[in-house]
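Each chain, written out:
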Amino acid sequence: MAEPLPLRPPPPLLDDACALFLDVDGTLIEFAARPDAVQLLPDVREAIGRISDRLEGAVALVSGRPLEQLDQLFAPLKLPAAGLHGHELRAQDGHVIRDEHGDDTADWLHALHQQAMRFAHGHPGVLVENKGVGLALHWRGAPHAANDVRAFADRHIRGRASYRLQPGDHVVEFVPVATNKGRAVRRLMQYLPFRGRLPVFLGDDLTDEFGFDAANGLHGWSVLIGEREPSAAVFALPDIRSVHAWLRENAY
């Protein structure tokens, strides 16, 4: 009996008219117990730099991490990037644009952070990540606490119209309601060297579905890493190792 065809084919190689948008965690790097414990392979960093040169700078990182963390992780590369799911946006000229929020947001986030820390103290292994404009609760170190974490998040988002919950891989985040990776891609596509190119978005997580929708809507390619369903992605690569191989192949 013939083997069934894969649900999604692998992506073709990039051509010189493409613009590449890369999620980071779960796409380029393996998850770790703590967000600051991850590492990027040097040859993958080199391949991304080569692709950026080939595409005249039209390569961007699109991540839930802040720009400062992305720059540390990818140094000496300093690519165009969308940090904090697009709250921070940096085009090729280096200028950073940050969304504005209401005056009461800082007080609410401060109180939320204090409540989250008390919650984590009672749930060993749960990690609270303060992202300034948002907050993430990780339960990779406490998988048994998943339902309690989700219940805490649901309870504390009620009545907050300016924020939403963004689920991810063993994490849930409080993010500004208008902030998402798809909006970030569409905004970057308005700037050179991205403008007029074909967007190609690679990502693995629920947060990346916004990016897939944006790439599809701009007649580009969407590439899912892994086998998660449902997904709007058109192409797929099975794992991070295959992403690395695809990047290396595109670097030459």
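Along every chain, residues carry numbers that run from 1 in the direction the sequence is written. Two thresholds apply to this predicted model, a pLDDT of at least 70 for residue-level local features and 80 or more for giving and counting side-chain atom pairs, whereas whole-chain, interface and lining totals are computed over all residues. The side-chain quantities take in all heavy atoms of the structure and omit both hydrogens and water.

The name given to the protein chain in an unreviewed UniProt entry is Trehalose 6-phosphate phosphatase, with the source organism recorded as Stenotrophomonas lactitubi. What UniProt records for the protein chain under Catalytic activity (unreviewed entry) is the sentence "alpha,alpha-trehalose 6-phosphate + H2O = alpha,alpha-trehalose + phosphate". UniProt positions are given in the numbering used here, feature names are shortened, and annotations may be inferred rather than shown by experiment.

1. Re the nonpolar core
Each nonpolar core is a collection of buried residues, namely Ala, Val, Leu, Ile, Met, Phe, Trp, Tyr and Cys, held together in the definition by side-chain atoms within 4.5 Å. In this scheme, a residue with accessible area under 20% of its type's maximum is buried, one over 50% is exposed, and one in between is partly exposed, where area comes from a 1.4 Å probe on protein chains only. Core analysis: the biggest nonpolar cluster contains 51 residues, and Leu 20, Phe 21, Leu 28 and Leu 247 have the highest contact counts within it. Looking at this core, the element that brings in the most residues is strand 1 (residues 18-22), giving five residues. Residues Leu 84, Leu 112, Val 149 and Ala 153 belong to the second largest nonpolar core, which totals 23 residues. Numbering of helices and strands runs from the N terminus, with a helix taken as a DSSP run of H or I at least four residues long and a strand as a DSSP run of E at least two residues long.

2. Some words on the side chain of Glu 173
On the secondary structure map, Glu 173 appears in strand 9 (residues 171-176). On the accessibility criterion, Glu 173 (7% relative accessible area) is buried. For the purposes of these results, a polar contact is taken to be a pair of N or O atoms within 3.5 Å, where, inside protein, one atom must be able to donate a hydrogen and its partner to accept one; residues adjacent in sequence count only when each atom of the pair is a side-chain atom. Within polar-contact distance, the side chain of Glu 173 engages the side chain of Lys 131 at 3.0 Å.

3. Here's the deal with helix 1 (residues 42-54)
Counted at 1.5 Å a residue, the expected span for helix 1 with its 13 residues is 18 Å, and the 19 Å between its end C-alpha atoms agrees. Residue contacts follow a heavy-atom distance rule, with two residues in contact if any of their heavy atoms lie within 4.5 Å. Where helix 1 is buried, its residues touch strand 1, strand 2 (59-62), helix 2 (67-74) and helix 7 (240-250). Expected helix span is taken as 1.5 Å per residue step, with the number of steps being one fewer than the number of residues.

4. Brief notes about the environment of Ile 157
Relative to the helices and strands, Ile 157 is located in helix 4 (residues 146-157). C-alpha separation for the pair Ile 157 and Phe 174, spaced 17 residues apart in sequence, amounts to 7.7 Å. Residues contacting Ile 157, with those up to four places away along its chain left out, are Tyr 163, Arg 164, Leu 165 and Phe 174.

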